[in-house]
Amino acid sequence: MSTTDFGVTGLTCNHCVMTVSRAAALVPGVTGVSIDLVANGQSTLHVESDSAVDAVALEQAIDAAGYELVH
Amino acid sequence: MATTHVDLALEGMTCATCAGRIEGALATVPGVTATVNFATERASVDVDGETDSSALISAVVKVGYGARVIDRDVRDTEPPVDPVLTARVALSLVLTVPVLLVSMIPALQFDGYQWVAAALATPVVSWAAWPFHRAAIRNARHGATTMDTLVSLGVIVAYAWSVYALLFTMAGTIGMRMEMPIFGYAPDALYFESAAAVTAFVLLGRWLEARSKRSAKQSLTALLNTAAQQAILLVDGREVSVPAGAIHTGDQFVVLPGAIVPTDGRIIDGQSAIDASAVTGESVPVTVGVGSPLIGGTVNAGGRLVVEATAVGSATQLARLTRMVEEAQAGKAPVQKLVDRISAVFVPLVIVLAVVGGVAWFALTADATRAVSIAVATLVVACPCALGLATPMALLVGSGRGARSGIIIRGTDVLESTRRVTTIIVDKTGTLTSGQPTVAGVAGDGMSDDRVVADLASVEMGTNHPLARAVVANATSRGVMGEVARDVTVEPGRGVSGIVGSTTVRAGSLDWFTETSTTIPTGLADTAKDWASAGMSIVALAHGDRVVGLVAVRDVTKPSAVEAVKALSALGIHTIMASGDSPEVVARVAEETEIDEAYGSMSPADKRDLVVRLQRQGEVVAMVGDGINDAAALAQADLGIAMGHGTDVAIETSDIVLVSMDLRRVADSIRLSRATLGTIRGNLVWAFGYNALAIPIALAGIMGPAVAGLAMALSSVFVVLNSARLTRFRMS
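Before going into details, it helps to say that this report is about the structure given with it. (Residues numbered from 1 in each chain as written. Chains lettered and ligands numbered in written order. Predicted model: local features only at pLDDT ≥ 70, side-chain atom pairs only at ≥ 80, totals over all residues.)

**Quick notes on the overall build of chain B**
- The helix and strand tally for chain B stands at 25 helices and 26 strands.
- Counting only contacts in chain B whose residues sit at least 6 apart along the sequence, the fraction spanning at least 24 positions is 70%. (Helix = DSSP H or I, 4+ residues; strand = E, 2+ residues; numbered from the N terminus. Contact = placed C-beta atoms within 7 Å.)

**Focus on the pairing of strand 8 (residues 264–269) of chain B**
Residue and element names in this part refer to chain B.
- Bridge count between strand 8 and strand 13 (residues 305–311): five bridges; the pairing is antiparallel. Looking across to strand 13, one finds that Ile267 is bridged to Val307.
- Of the strand pairs in this sheet, strand 8 and strand 11 (residues 293–294) are connected by two bridges, and their pairing is antiparallel. Paired with Gly265 across the strands is Leu294, a residue of strand 11. (Pairing = 2+ DSSP bridges.)

**Considering the packing of helix 13 (residues 387–404) of chain B against helix 24 (residues 664–699) of chain B**
All names here are of chain B.
- Contact geometry for helix 13 and helix 24: axes closest at 9 Å, N-to-C directions at 155°. The angle between the axes of helix 13 and helix 24 places the two elements in the roughly antiparallel class. Relative to helix 24, helix 13 is oriented so that their crossing is right-handed. When helix 13 is examined against helix 24, the residues Leu387, Ala390, Thr391, Met393, Ala394, Leu395, Gly398, Arg401 and Gly402 are found in contact with a partner set consisting of Ser669, Leu672, Ala675, Thr676, Thr679, Ile680, Asn683, Leu684 and Ala687.
- Partitioned by chemical class, the residues of the contact of helix 13 with helix 24 number 10 nonpolar, seven polar and one charged. (Axes fitted to C-alpha atoms, helices over the stretch in contact; angles between N-to-C directions. Parallel < 35°, antiparallel > 145°, perpendicular 65-115°, else oblique. Left-handed = near helix turned anticlockwise from the far one by under 90°. Nonpolar A, V, L, I, M, F, W, Y, C, P; charged D, E, K, R; others polar.)

**Digging into the sheet that holds strand 12 (residues 299–300) of chain B**
Residues and elements named next belong to chain B.
- Spatial ordering of the open sheet is given by 10-9-12, a layout of three strands whose pairing is antiparallel. Each edge of the sheet is formed by a strand with only one pairing partner; in this case those strands are strand 10 (286–288) and strand 12.
- In terms of strand pairing, strand 9 (residues 272–275) meets strand 12 through two bridges, oriented antiparallel. Looking at strand 12, one finds that Asp275 is bridged to Val299.

**Notes on the sheet that holds strand 14 (residues 407–409) of chain B**
Residue and element names in this part refer to chain B.
- Taken together, seven strands build an open sheet; the order of strands is 14-26-25-24-15-22-23 and the sheet is mixed. What marks the edges here is a single partner per strand, and that holds for strand 14 and strand 23 (597–599). Geometrically, the sheet is characterised by an average inter-axis angle of 20° between neighbouring strands, direction not taken into account.
- As paired elements, strand 15 (residues 423–426) and strand 24 (residues 621–625) share four bridges and run parallel to each other. Bridging across to strand 24, Ile425 finds its partner in Met623.
- Against the sheet, helix 21 (residues 604–616) engages strand 15, strand 22 (574–578), strand 23 and strand 24, with an angle of about 160° to strand 24.

**Section: the pairing of strand 2 (residues 30–36) of chain A**
Residues and elements named next belong to chain A.
- Pairing geometry for strand 2 and strand 3 (residues 42–49), over six bridges, is antiparallel. Along strand 3, the bridge assignment pairs Val33 with Val47.
- Between strand 2 and strand 3, which follow one another and run antiparallel, lie five residues, and Asn40 among them has a positive phi close to 60°.

**Some details on helix 12 (residues 368–382) of chain B**
- Across its 15 residues, helix 12 of chain B extends 21 Å between first and last C-alpha, which sits within 8% of the 21 Å expected from 1.5 Å per residue.
- Considered for burial, the residues of helix 12 of chain B that qualify are Ala371, Ser373, Ile374, Ala375, Val376, Ala377, Thr378, Leu379, Val380, Val381 and Ala382 of chain B. (Expected span 1.5 Å × (residues − 1). Buried ≥ 20, exposed ≤ 12 C-beta atoms within 10 Å, placed from the backbone.)

**Re the environment of Ile408 of chain B**
Residues and elements named next belong to chain B.
- By secondary structure assignment, the location of Ile408 is in strand 14.
- Between the C-alpha atom of Ile408 and that of Leu658, which follows or precedes it by 250 residues, the distance is 6.3 Å.
- With sequence-adjacent residues up to four places away left out, Ile408 is seen in contact with Gly402, Ala403, Ile656 and Val657.

**Describing the interface of chain B and chain A**
- Each partner contributes to the interface: chain B provides 12 residues, whereas chain A provides 15 residues.
- Elements that contribute at least two residues to the side of chain B that touches chain A include exactly strand 5 (230–235) and strand 6 (238–243) of chain B.
- Here the side of chain B that touches chain A takes five residues from strand 6 of chain B, the largest share from any one element.
- Residue composition of the side of chain B that touches chain A, grouped by class: six nonpolar, three polar and three charged.

Coordinates in, geometry out; function isn't part of it.
Here it is in structure tokens:
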């Protein structure tokens, strides 16, 4: 069980939080998702997983949802 | 283009017209559609495309109101009372007391005291009294006069005249003492104490009122917060914890024991009991199993459930109820305050009298100073100090008396509504009945009553269903508790089965036995039909594939309910019952309580519609309820009364809260409200009365400064004493 934090940009409101949460939740291996929203800035995405999360799959999922993962 | 949703908290709205103005202002911003709720002081705004929320705020500010963005995820904690108002009250009290003392007690007057009084009164009449001046100007634009106009005018005239007197008459001379003759022409009278005291007293009244009303605004936030914040989403059999809003219709999610159901759904795996008390106010958990629908916001009191989402976001029942409450509150016309209604007549009359008096004196004596001083004296003496205390004092004492008996009255508007109530609607559950069903009849087919009850109790012992508990309680009181059945299984919504000795014993609804082709002897079937039509619930007992006994269970009408209905009728109020229960059960309770009208199978929307229909017929409707399902009707009703352990939302949307479940308190609360309103009217009559009596003296040109002081003191003392009488109000 580990938690990894990622920066995400493009989020403006609670609706975005839900969209990104869902996208991240669907990535294999993820067991928990929460987001600290910074509207119009860089929000923090906390991802819990049993083993290290697949960062590439996560980035693709966030991108497909219309937001951007910060490296 | 993406649509975003913004909620704004609005400030400065005084009437429904303001709401319309703000709506219009927001609509001028490109891509914006907005609705403004006057009652909750909120604007709900949908923005198409790239519009910054600051553009919305500036649009609102431009038409003269205040706005700020509300973050829906954060509980909107309003400060207890506007801190600026608190500061104004504190400052005016601190400065007014010395002014009063030094002006009214000649022994305390020192050289130059009048200049000190002027200095102390200045911040009071300017900064502290600013809300009155601002409102008076706003009213003047519409040609209206309210209590604010009276206060503002009285304060300004008293202060301006006193400053003039200080600068241009003998009054400003150092060493001058104010004499206190009751009658006699005093061209150099100073009214600094009147100006300051009126401001301080009326502000204090406002502050007391604001404090008692503050929580009303948080009702809708409370409703939204009933929903769970977190949920466990099932993705290919994997559990992922996500924010509740991430669930879509058709998703599967897990609800752990003790967790809040995150959204509406249907159970696809697991069995449990659901505690819906947060939503419906019903205290008894309901048994659920595969196929049972779940409402978001209820609590899983039993086992782990896997649920498929059937509705999310604004489509959930909770969201629909929220909207209904919002609409109902928005449609509720604010009651015009009694003081304002009196002021609307009193103020113009006083102004006319002052002007006519001044002109008449000038015509008679050609003495301009004298004419103006008489007009001023008239205006000053007419402005009653006790006006500010008349309402809050009575309310404070009345609500204090109510609180001691578990009646919480929220605000003055409520009192006005209770005066006019013609019809009262009560929800049956928990208000008219005990909420604890008991066994009312037993029938066996070749079996003793004791045996029927004993066998039912054996299988039902472990279940938490209210009907089962009634049967077990009956078995205990008969002393026939038998062995506990083996291999007990629960069929949600149908019944239980188990093995007693070597027999398969089932307990459940007759429908279940009909479905499973169990033989029902005609004798028992006839008895069941009679009982059902008498409004009783039936638990049937089967041995193997044959029904062998029946038990009738009913919710007992409270003895106090009959008295309560009588008491309400005695107040001339038409009584109606509106319940979600079956029409037969409702009809029985209606008959036992002698209630005037009764409706069964009522949904939350039906209840609200009933209120609306009655209101259209000209009835003034009070609604008694306890759950979120009653919240819309409570808010729609002219007077909402929440009972007992009611849900937060029911309490927040109601006008009166009753701590006990005793319906007699409803009649008491209406009587107490009416008594409080009567006291307020008495207070106002005397507050205005004593000062009005002084008007002829002022017009006659013989008003000594003592008269203004005397009128102020007498009316204030009367208001306090008259309000204190409410402590002796008797409950039934």
